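Descriptive analysis of the structure
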2 protein chains.
Amino acid sequence: MEKKIPYRFVLSEDQMPKQWYNLKADMKELPPPLLNPKTLQPITKEELYPIFCKELADQELDTTTRYFDIPEEVLDIYKVYRPSPLMRAYNLEKALGTPAKIYYKYEGNNTSGSHKLNSAVAQAYYAKQQGLSSLTTETGAGQWGTALSEACGYFGIPLTVYMVKGSAAQKPYRKIVMQTFGANVVESPSMTTEAGRKILAEMPDTTGSLGCAISEAVEKATTSENSKYVLGSVLDQVLLHQSIIGLEAKKALELLDVQPDIIIGCAGGGSNLGGFIAPFMKEKIEGKTNTRFIAVEPVSCPSLTRGKYAYDFCDTGRITPLAKMYTLGCGFIPSANHAGGLRYHGMSPIISKLYDDGYIEAMSVEQTRVFEAATLFSRVETILPAPESSHAIRAAIDVALECKKTGESKTILFCLTGSGFFDMSAYGSFIQKTMSDYIPSDEYLQKGFAKLPKV
Amino acid sequence: MEKKIPYRFVLSEDQMPKQWYNLKADMKELPPPLLNPKTLQPITKEELYPIFCKELADQELDTTTRYFDIPEEVLDIYKVYRPSPLMRAYNLEKALGTPAKIYYKYEGNNTSGSHKLNSAVAQAYYAKQQGLSSLTTETGAGQWGTALSEACGYFGIPLTVYMVKGSAAQKPYRKIVMQTFGANVVESPSMTTEAGRKILAEMPDTTGSLGCAISEAVEKATTSENSKYVLGSVLDQVLLHQSIIGLEAKKALELLDVQPDIIIGCAGGGSNLGGFIAPFMKEKIEGKTNTRFIAVEPVSCPSLTRGKYAYDFCDTGRITPLAKMYTLGCGFIPSANHAGGLRYHGMSPIISKLYDDGYIEAMSVEQTRVFEAATLFSRVETILPAPESSHAIRAAIDVALECKKTGESKTILFCLTGSGFFDMSAYGSFIQKTMSDYIPSDEYLQKGFAKLPKV
């Protein structure tokens, strides 16, 4: 007999996972290593220590430790907002008239508004342990900056956030949130760094990009006393921390006797997707399941669907280590018209490798269709989703509508990474029909590829 | 042996209350009845039907039915975001160094951002059942308007929201949220009603008030075809729906073997406070406990601590029924400088009666102290609270610090009614130190009292 599935299923505190899961320990082939951009040799821990916290650098390069204990102090904050709910989207299913069963893991149920807090707490904790004086980071949509501001506020660590200028204009209140948590917020590109000054000289009117903000934050950290840089996506360490999402989702589904057929996540830098799918991917790698995985990205920033699998810088300023990833070229800056989030030029090396090896599919979606899906979802599920998260909603709806045609009762699981409270100007432009779907031309993409580093 | 208390305790779907609790059925003395302002006689159901949905009017006047079944369709939405978590504020306790045990019921964990959704869903459902063509309402801080927009979006009912002009300026994105859920938002006072035109003629520069917005919404409903007015606070029906908060909190505490010594809630119109305390008050009325109850209001709008217990209109336009309540006079409009929420001139008749009978204490707090408490709370508990809710936080902290002095290990429970995502301009003015504490003079209050209706 099928178990009765509640609308909302929340594990108890006791059931919360106490370890993060490192998917690399189980991958048949590892992603190619990060390279030192000067020597083009695999980067060592020692070379990462000037940029990253020691513990995080160690996690970054660890390919064999399958499980990492989550420190007690980190669990103490996790317990305030986790386990996050696993939702059954009965109302959405009804609205679509689909035989599909739709589940979502809702990560917007904390005050930072997104899954980003999962890694922010970990990173701030390790910085505190190491006795650092300050941290720097970048933020695009503002979710990561908010989350890290919260985490640093909690641990009492001074933080400077480089916020993408275009996002700052779209989301003025994000800045005040971060300031409330005690952070110093600088709009990027700025005159406070070499990298920023250089980009402003070349493109005085640029609205900035995540890659550019990364350059500034890394430069600031490496030129300040006892300061390190922390990053909210792309890197393996972040996917490790975000595995809490997938571990909780998997445990909850097991308790409900549910096996997902299709798992969907939005993909910008890959942080939520990588953490969310990790424990499910383990089983697929082991041949125990045949789950489909779908990464969803915007048509205006199509790193997986139209990018190249190549070594590239993680930042626009070309100062970070080189990562082999699906990339549009580190100089790629998406159209300012694109308000739908997920604006990063590259993709997590782990996700890129899994995609290249055929474990993951990818699709790209137009932002107006994303906001259509978000609006429908908000009305029936009563959760106002972030534009980034809404890419996954769009894909889940499309798959569910396909099931309606074929009559298949597939089980769909997606990650709803955050809430859209700070994205109201984007929702406003959707309501006022001033939003358009920008698709970069092949010529434009070629320009980005032409500047890929020679490795 | 004491049970281990988790940071966050969430009842399962099965444990969610299936009935609302009507405190009036257990009060030793009932609040004096609503009066028809023309006849000064107790108002009848039939006289309420032109304004309110039938079922809601019936609930409003029901003093004997102890429990009302929550309709299945309402439970279906509750299940998306309820039961809400009961939190143990370990991190706040540690930050304060207090022996007090602090618990809070967190109602901001839904996309409307506050407890208001609990009643909005019920009211929209009954409107749908009655086959109404449209609804009208008012909103101050925007929480009620957002919640009702969500509920009406879900049930497909056209809604016009009169939003207090001052709040609309402070919270521009609230409007877009409501529009996203499909609502028509009008800033109040407006030229769309007699009441609005009259107020604008007298005070062209007014930033509006909740009482004034109510006048407009009631007028609009009563002059439109098959339309009714719905209200998010003050009325008994709203407190009835909000009893879900208290019922859940009580059940959770019972499962944890915890008995609160002091229960604290912020008080504007009294909706969260009334619903939150109801089942606990039942036991106090029955002589089973000696729990202290504290209502917290702003010094700038001190209806309980400096108001009069008198019959008054619920709105500025003097068209609603008369309610006996603690009031500053229906013409009272709080200082525009006051950004801390809770701007209503009166107070729920039930809360007013309980206060007058000595069951509840009241205190008023300055908005800068409220934002200090909110900022501390956000950093240690990682939840960014709404200014309204932060009044309760301020009081809980004050009580906990008192415990620190006396060494008493009291158990404090408060309701954290909502999140502050849309209050960033208020947080901004706190950060920039442009926020001041406005205390109305006795002379100003006398002006309000002078215009109280003669009953």
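Calculation notes
- Residues numbered from 1 in each chain as written.
- Chains lettered and ligands numbered in written order.
- Predicted model: local features only at pLDDT ≥ 70, side-chain atom pairs only at ≥ 80, totals over all residues.
- Heavy atoms only, no water.
- Contact = heavy atoms within 4.5 Å.
- Buried area = accessible area lost by both parts, 1.4 Å probe.
- Salt bridge = Lys/Arg side-chain N within 4 Å of Asp/Glu carboxyl O.
- Polar contact = N/O pair within 3.5 Å; in protein donor to acceptor, adjacent residues only side chain to side chain.
- Helix = DSSP H or I, 4+ residues; strand = E, 2+ residues; numbered from the N terminus.
- Expected span 1.5 Å × (residues − 1).
- Least-squares fit on C-alpha atoms with pLDDT ≥ 70 in both.
- Buried < 20%, exposed > 50% of the residue type's maximum accessible area, 1.4 Å probe, protein only.

Right, let's talk about the interface of chain A and chain B for a bit. Each partner contributes residues to the interface: chain A has 46 residues there, and chain B has 46 residues. Roughly 4,600 Å² of surface becomes buried between chain A and chain B when both sides are summed, with 58% attributable to carbon and sulfur atoms. Across the chain A-chain B interface, the total number found is four salt bridges. Counting the contacts that link chain A with chain B gives 14 residue pairs in polar contact (both at pLDDT 80 or more). Here the side of chain A that touches chain B gets six residues from one element, more than from any other, and that element is helix α8 (residues 172–180) of chain A.

Over its 20 residues, helix α16 (residues 387–406) of chain B extends 29 Å from the first C-alpha to the last, a length consistent with the 28 Å expected when each residue adds 1.5 Å. Just downstream of α16(B) lies B:Gly407, where phi reads positive at about 80°.

The subject of this paragraph is the relation of the copies chain A and chain B. Least-squares fitting of chain A to chain B yields an RMSD of 0.0 Å, with the transformation described by 0.0 Å of translation along the axis and a rotation of 180°. Both copies of the chain, as the preceding transformation shows, are related through a two-fold rotation axis. Most of the interface of chain A is mirrored in chain B: 100% of its interface residues are interface residues there too.

This paragraph deals with helix α14 (residues 349–356) of chain A. Residues and elements named next belong to chain A. Across the eight residues of α14, seven count as buried, placing the element largely inside the fold. Those residues of α14 that fall on the buried side of the exposure criterion are Pro349, Ile350, Ile351, Ser352, Lys353, Leu354 and Tyr355. Residues of α14 that are buried in the fold lie against α11 (236–255), α12 (271–285), α13 (303–306), β12 (308–313), β13 (322–327) and β14 (361–365). The backbone nitrogen of Ile350 lies 3.2 Å from a side-chain oxygen of the residue at the head of α14, namely Ser348. Of the residues flanking the end of α14, it is Gly358, one or two places downstream, whose phi is positive at about 85°.

The next point concerns the pattern of salt bridges. Here the structure, examined in full by the defined rule, presents 51 salt bridges over all chains. Residues A:Lys4 and B:Asp14 are paired through a salt bridge, measuring 3.6 Å at the closest nitrogen-oxygen approach. Residue A:Lys4 is found in the segment before β1 (8–9), and its partner B:Asp14 is found in the loop between β1 (8–9) and β2 (19–21); the two belong to separate chains. Using a relative accessible area of 63% as the deciding quantity, one classes A:Lys4 as exposed. With relative accessibility at 60%, the residue B:Asp14 sits in the exposed group. Residue A:Glu254 is joined to A:Lys250 by a salt bridge in which the shortest nitrogen-to-oxygen separation is 2.6 Å. With A:Glu254 and A:Lys250 both in helix α11 and four residues apart, this pair spans about one turn of that helix. A single salt-bridge network, built from bridges that share partners, covers A:Glu366, A:Arg369, A:Glu372, A:Arg394 and A:Asp398.

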